[in-house]
Amino acid sequence: MENQNPSATSCGSDKGSLPGCCASLAFPFVPMQEPNPVRYSRMEALQTGTLFPGLDLPFKAAIQQKTKMANTALVELMALDFAIDELGLYLVTHAQDQEVLQLYWSYIKLAREGREKYQKMYGPLMQTDLTPEDGYAWLKDPWPWDEGGND
């Protein structure tokens, strides 16, 4: 199929057209994080998509409006797991940041305790959490994400 836009062909396949000239299609930018950066709360991080405000995307407000979550035990575990993953990624490049390292270990402890408490109340979260005594009695209705499943 022939391209109908003459300026697109004159710019080349790796360029896009701007009024009056050609330009690169994208300029990627990855900000470097300073040691011990400001952090969102776990819940806000889960809803925002990052633990660090300095990494917010320009469309943050739109994402937050679409991802409002009830504060349930399951959502709190999700927020903890998300924050643990984010802190782990940060620590890959900032392994000497002792404050974040302590926060990382405290979140892991909270997540373990929360998972144990949750599973006593609602049953296993994952298939690998089943015990031989359980047989293969995966979750009984209602599931935690069903209406009434976290009541």
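What counts and what doesn't
- The residue count restarts for each chain, going from 1 along the sequence in the order it is written.
- For a predicted model such as this one, the threshold for reporting local features is a pLDDT of at least 70, and the threshold for listing and counting side-chain atom pairs is 80 or more; totals across whole chains, interfaces and linings nevertheless cover every residue.
- Side-chain figures throughout are based on the complete set of non-hydrogen atoms in the structure, without hydrogens or water.
- Helix numbering and strand numbering both begin at the N terminus, where a helix is a DSSP run of H or I of at least 4 residues and a strand a DSSP run of E of at least 2.
- Polar contacts, as used here, are pairs of N or O atoms within 3.5 Å; protein pairs need one atom able to donate a hydrogen and one able to accept it. Residues neighboring in sequence count only if both atoms are side-chain atoms.
- Whether two residues touch is decided by their heavy atoms; if any such pair falls within 4.5 Å, the residues are in contact.
- Whenever a carboxyl oxygen of Asp or Glu lies within 4 Å of a side-chain nitrogen of Lys or Arg, that contact is scored as a salt bridge.
- Throughout, exposure labels follow a simple rule: accessible area from a 1.4 Å probe, protein chains only, divided by the maximum for the residue type, with under 20% read as buried, over 50% as exposed, and the rest as partly exposed.
- Joining through side-chain atoms within 4.5 Å is the link that ties buried Ala, Val, Leu, Ile, Met, Phe, Trp, Tyr and Cys residues into a set, and such a set is a nonpolar core.

*Asks:* Explain the side chain of H94 to me, please; I cannot follow it from the model alone.
*Replies:* Structurally, H94 can be placed in the loop between helix 4 (73-93) and helix 5 (98-122). For H94, the side chain forms a polar contact with the side chain of T93, separated by 2.8 Å. Apart from the residues within four sequence positions on either side, H94 is in contact with Q33, E34 and P35.

*Asks:* Where do I start with the pattern of salt bridges in this structure?
*Replies:* Opposite charge on two side chains permits pairing when their charged atoms draw close. Considering all chains together, one arrives at four salt bridges under this definition. We note a salt bridge from E76 to R42, for which the minimum N-O separation is 2.6 Å. Of this pair, E76 sits in helix 4 while R42 sits in helix 2 (residues 42-48); the two residues are 34 residues apart in sequence, bridging distant segments of the chain. Between E113 and K109 there is a salt bridge whose closest N-O contact spans 3.8 Å. Here K109 and E113 lie together in helix 5, a separation of four residues that amounts to about one turn. E113 sits in the partly exposed class, given a relative accessible area of 42%.

*Asks:* What should I look at first to understand the nonpolar core in this one?
*Replies:* Generally speaking, nonpolar side chains in soluble globular proteins are found buried as a group. Counting 16 residues, the largest nonpolar core has L51, I84, L87, Y104 and Y107 as its most contacted members. Only helix 4 and helix 5 provide two or more residues apiece to this core. Residues in contact with I84, not counting those within four places in the same chain, are Y104, Y107, I108 and A111.

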